[in-house]
Amino acid sequence: MKQICQLYTELTLEEIIILENVASTLQLYADLNNAYMFIDCMMKNSEQAIVVAEAFPRTSESIYENSVVGKIVFESFEPGVFYSYRAGKKSLTSQAVTQEGKTVEQSVIPIKNDKHQVIGVLISEEEIYNHTPIGSSYKNVSFGQDELSEVLGGNSREVPMISDLLMEIFLLTDKDDCLTYSNPAGVNFITEMTLMDKIQHQPILELLPFLQSVYDFKEDVFIFDLTIDRKNLIVKKIRVKEKEQLKGTLLLIQDVTELRTKEKELMMKSVVIQEIHHRVKNNLQTVASLLRLQMRKGFPEESKVYFEDTLNRIYSISSVYELILANSNTDDEDVNIIELTRKVSSTLVLNEYAIKVNLVIESNGNKILTTSRKAVSIALIINELVQNSLKHAFPEDLAGEIVVSFYSNKTFLELHIFDNGVGMKESKSSLGLEIVHNLVLNDLNGEFRYMPVKLGTHAVVTFPISSEVIIYHEKENTNS
Ligand SMILES: Nc1ncnc2c1ncn2[C@@H]1O[C@H](COP(=O)(O)OP(=O)(O)OP(=O)(O)O)[C@@H](O)[C@H]1O
Ligand SMILES: [Mg+2]
């Protein structure tokens, strides 16, 4: 306990000794009251508290599966702890969610130093379902059904029934802004926030001062997004009027704290994934720079072509990541294969060869999206096949045409690469075609073959459309 306090809190040694004295009696109280006892302290440079001591009753089966010492306590889960800390008063909460996600009745009292400053809180928790709440303030029931029925018109008794079942907080205030109806969720919320016994007929702004802006706002129907004490609330307000006279105000309050936390987590995740793509791309560029550096440092001319081939392969892979990063605002990870083909093959045509080649990419109305993993394979396949046409089909700087074309039906996608060059003379395959064969077979579960043609070459890659490949059929044929 001393170690945790020294590490995570700003308590002095004397204050820690006070807490240690309290802690030495925890087990006795836990056994006596059949309650779970804890001491929490505020953490330094943080809005959160930390559990520094605990004792579980030895008489019953524990609701805590593991020790919670050293765990962080959040205000949204245990508001009573923070209330007691700030106000220096006792707090009673009927529905705190424990570290293990269970519901308990929680009593909290402050522990003070000799200057009456709060140095920690002593907490006692009892499981709620073997316990009937004492005292009217924690009764989990609604009130003011008649008022609600009247405001909503006539004798529609069903309305309160329905609002009693709502998870959202449903409140009604009268023309003087005093609380006349609350569903059970509302009763829980207000008693937790105010720790007051009597809430019916109290001015709502005394109970929940943060609603001031909601009541001040002139519009009769409006939705507010409020943040109080790190709770995110959506408040819907409806003023009910009769002949221009205010009859009352209906409030529907939704606690979206958990939702917002999840949203933030998701955003963090996609930021991390983006960062990884960036690093992959940057690392590939570093590898490419190293190779280029090596090429400049005197080396045999005959190896140049191998280095260039390797560089092209690296560029093809990094194109996939460049495309993902360029689309990062759309927040999806899928790569558009037509765009990728355009990027990979036009870089080859522009940079590598002096020959005059007309490059045509035909999508045939297909918009094909796939995962980065499959896209890397497709980029490499296109790189090898287009490069072969550029390298072998047009000797002596003959002008020519290369066509990359996509066809699809419900189950298969076909990628055709034609050129009108000299055609394949012998079929001795080297590393390039080996890479294509391997990727088509192992990664795409497909088939690679050359079609017999009179002029030039015609390579075809066919592979089944899996869950990783999505095809949209566009009306316009966006060939380029
Ligand atoms: N479009 C084409 N037109 C004419 N010949 C081709 C064509 N594509 C491939 N070839 C022939 O097939 C052979 C094998 O191609 P492959 O891609 O395996 O090797 P490479 O291109 O010579 O070297 P690398 O391993 O760098 O790709 C080539 O050497 C070439 O003779
Ligand atoms: Mg090749």
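Throughout, residues of each chain are indexed from 1 in the direction in which the sequence is written. Key to labels: chains lettered from A, ligands numbered from 1, both in the order written. A pLDDT threshold of at least 70 governs which residues receive local features in this predicted model, and a stricter bar of 80 or more applies before side-chain atom pairs are shown or counted, although totals over entire chains, interfaces and linings include all residues. Computation of side-chain values: all heavy atoms of the structure, hydrogens and water removed.

Asker: Looking at this structure, I do not really get the sheet that holds strand 7 (residues 169-173). What am I missing?
Answerer: Adjacent strands of a sheet pair through backbone hydrogen bonds, lying either parallel or antiparallel. Strand order in the open sheet formed by 5 strands is 8-7-11-10-9, and the pairing between neighbours is antiparallel. A strand with exactly one partner marks an edge of an open sheet, and here the two such strands are strand 8 (179-182) and strand 9 (221-228). On average, each strand axis in the sheet is tilted by 25 degrees relative to the strand beside it, whichever way the strands run. In this scheme, strands are said to pair when DSSP sees at least two bridges between them. A run of H or I in DSSP counts as a helix once it spans at least four residues, and a run of E counts as a strand once it spans at least two, with each numbered from the N terminus. Inspection of the sheet shows strand 9 paired to strand 10 (residues 231-242) by 8 bridges, in the antiparallel sense. The residue bridging Asp-225 from the neighbouring strand is Ile-234, located in strand 10. Strands in contact with helix 7 (residues 184-194) are strand 7, strand 8, strand 9 and strand 10; relative to strand 7, the strand with the most contacts, it is inclined by about 85 degrees. Any two residues whose heavy atoms approach within 4.5 Å are treated as being in contact. With axes taken as lines fitted to C-alpha atoms, and helix axes fitted only over the stretch in contact, angles between N-to-C directions fall between 0 and 180 degrees. The sheet strands contacting helix 10 (residues 257-296) are strand 9, strand 10 and strand 11 (245-255), and the helix crosses strand 10 at an angle near 135 degrees.

Asker: What am I meant to see in the pattern of salt bridges here?
Answerer: If the charged atoms of two oppositely charged side chains come close together, the side chains can form a pair. Salt bridge, as applied in this entry: a Lys or Arg side-chain nitrogen positioned within 4 Å of an Asp or Glu carboxyl oxygen. For the structure on display, the rule yields 17 salt bridges. A salt bridge links Asp-220 to Arg-239; its shortest N-O distance comes to 3.6 Å. In this pair, Asp-220 is assigned in the loop between helix 9 (212-216) and strand 9 and Arg-239 in strand 10, connecting sequence segments 19 residues apart. With a 1.4 Å probe rolled over the protein chains alone, any residue whose accessible area is under 20% of its type maximum counts as buried; one over 50% counts as exposed, and the rest are partly exposed. On the basis of relative accessible area, Asp-220 is assigned to the partly exposed category, the value being 28%. On the basis of relative accessible area, Arg-239 is assigned to the buried category, the value being 18%. With a closest N to O distance of 3.5 Å, Lys-231 and Asp-255 form a salt bridge. You can see Lys-231 sitting in strand 10 and its partner Asp-255 sitting in strand 11, a full 24 residues away along the chain.

Asker: So what exactly am I meant to see when it comes to the nonpolar core here?
Answerer: Nonpolar side chains in soluble globular proteins tend to be buried together. Core analysis: the biggest nonpolar cluster contains 52 residues, and Val-320, Leu-340 and Leu-385 have the highest contact counts within it. Per-element tally for this core: the top contributor is helix 13 (residues 372-393), with 11 residues. Core analysis: the second largest hydrophobic core is formed by 34 residues, Cys-41, Ile-50, Ala-55 and Leu-122 among them. The definition of a nonpolar core used throughout is a set of buried Ala, Val, Leu, Ile, Met, Phe, Trp, Tyr and Cys residues joined through side-chain atoms within 4.5 Å.

Asker: Honestly, the site of ligand 1 in this entry has me stumped. Any pointers?
Answerer: Among the 18 residues in the neighbourhood of ligand 1, the closest are listed as Asp-309, Asn-388, His-392, Ser-430 and Gly-432. N or O atoms closer than or at 3.5 Å make up a polar contact, with two conditions inside protein: a donor-capable atom paired with an acceptor-capable one, and, for residues adjacent in sequence, both atoms drawn from side chains. In this structure, Asp-419 approaches ligand 1 through a side-chain N or O atom, which is 2.9 Å from a nitrogen atom. Contacts to ligand 1 include Gly-432, whose backbone N or O atom sits 2.8 Å from an oxygen atom. Surface accessibility follows the Shrake-Rupley procedure with a 1.4 Å probe radius. Residue values consider only the protein chains on display as shielding. Taken by itself ligand 1 offers 600 Å² of open surface, and the protein chains cover 88% of this. Here a residue is considered near a molecule or strand provided that any single heavy atom belonging to it is located within 4 Å of it.

Asker: Just checking my understanding: could you explain the confidence of the model for the protein for this structure?
Answerer: Interpretation of the predicted coordinates at a detailed level should be avoided for regions scoring low in pLDDT. Overall, the prediction assigns the protein a mean pLDDT of 84, with 88% of residues at 70 or greater. For every residue, the predictor states its confidence as a pLDDT score lying anywhere from 0 to 100. Contacts of residues 130-139 to residues separated by more than four positions or lying in other chains number 12 contacts, the stretch itself having pLDDT below 50.

Asker: When you look at a nonpolar patch on the surface in this model, what are you seeing that I'm missing?
Answerer: Only residues above 30% relative accessible area that lack a salt bridge enter a patch, with like-charged residues linked at up to 9 Å and the nonpolar side chains Val, Leu, Ile, Met, Phe, Trp and Tyr linked at up to 5 Å. There is a patch of nonpolar side chains on the surface, built from Ile-72, Phe-74 and Phe-77 and spanning about 250 Å² of accessible area. Here Ile-72 is to be found in strand 3 (residues 72-73). For Ile-72, a relative accessible area of 33% gives the class partly exposed.

Asker: Where do I start with the packing of helix 11 (residues 304-326) against helix 13 in this structure?
Answerer: Angle between the axes and distance between the axes: these two values describe a pair of packed helices. In the contact formed by helix 11 and helix 13, the axes pass within 9 Å of each other and the chain directions differ by 140 degrees. Regarding the angle of helix 11 to helix 13, the classification is oblique. Relative to helix 13, the crossing made by helix 11 is right-handed. Of the residues in helix 13, those touching helix 11 at Val-305, Asp-309, Asn-312, Arg-313, Ser-316, Ile-317, Val-320, Tyr-321 and Ile-324 are Ser-372, Ala-375, Val-376, Ala-379, Leu-380, Asn-383, Glu-384, Gln-387 and Lys-391. By residue class, the composition of the contact of helix 11 with helix 13 is 9 nonpolar, 5 polar and 4 charged. Our angle categories are set so that under 35 degrees counts as roughly parallel, over 145 as roughly antiparallel, 65 to 115 as roughly perpendicular, and the remainder as oblique. Here is the rule for handedness: rotate from the far helix to the near one, and if that takes an anticlockwise turn smaller than a right angle the crossing is left-handed, while a clockwise turn gives right-handed. Under the grouping applied here, Gly and all other residues not named as nonpolar or charged are polar, the nonpolar ones being Ala, Val, Leu, Ile, Met, Phe, Trp, Tyr, Cys and Pro and the charged ones Asp, Glu, Lys and Arg.

Asker: Teacher, can you tell me more about the environment of Val-320 here?
Answerer: With respect to the secondary-structure elements, Val-320 resides in helix 11. The exposure class assigned to Val-320 is buried, which follows from its relative accessible area of 0%. Separated by 56 residues in sequence, Val-320 and Val-376 have C-alpha atoms that sit 6.2 Å apart. Setting aside its immediate chain neighbours within four residues, Val-320 contacts Val-335, Leu-340, Ser-372, Ala-375, Val-376 and Ala-379.

Asker: What should I look at first to understand the side chain of Ser-303 in this one?
Answerer: For Ser-303, the position within the fold is in the loop between helix 10 and helix 11. Here Pro-300 takes part through its backbone oxygen, which lies 2.9 Å from a polar atom of the side chain of Ser-303.

Asker: Where do I start with the pairing of strand 2 (residues 49-55) in this structure?
Answerer: In regular strands, side chains alternate between the two faces of the sheet. The buried count for strand 2 comes to 6 of 7 residues, which makes it a mostly enclosed element. Here 6 bridges tie strand 1 (residues 36-42) to strand 2, and the two strands are oriented antiparallel to one another. Bridged to Met-42 within strand 2 is Ala-49. In this antiparallel pair of consecutive strands, strand 1 and strand 2, the connection spans 6 residues, and Asn-45 shows a positive phi of 50 degrees. Inspection of the sheet shows strand 2 paired to strand 3 by 2 bridges, in the antiparallel sense. Bridged to Ala-49 within strand 3 is Val-73.

Asker: What is the right way to read the state of the cysteines from this model?
Answerer: By definition, a disulfide links the sulfur atoms of two cysteine residues through a covalent bond. Pairs of cysteine sulfur atoms within 2.5 Å are what we label disulfides. Within the structure shown, the criterion is met by 0 disulfides. Free cysteine Cys-5: the closest other cysteine sulfur is in Cys-41, separated by 4.8 Å. Take Cys-5: its relative accessible area is 0%, and that puts it in the buried class. For Cys-41, a relative accessible area of 0% corresponds to the buried category.

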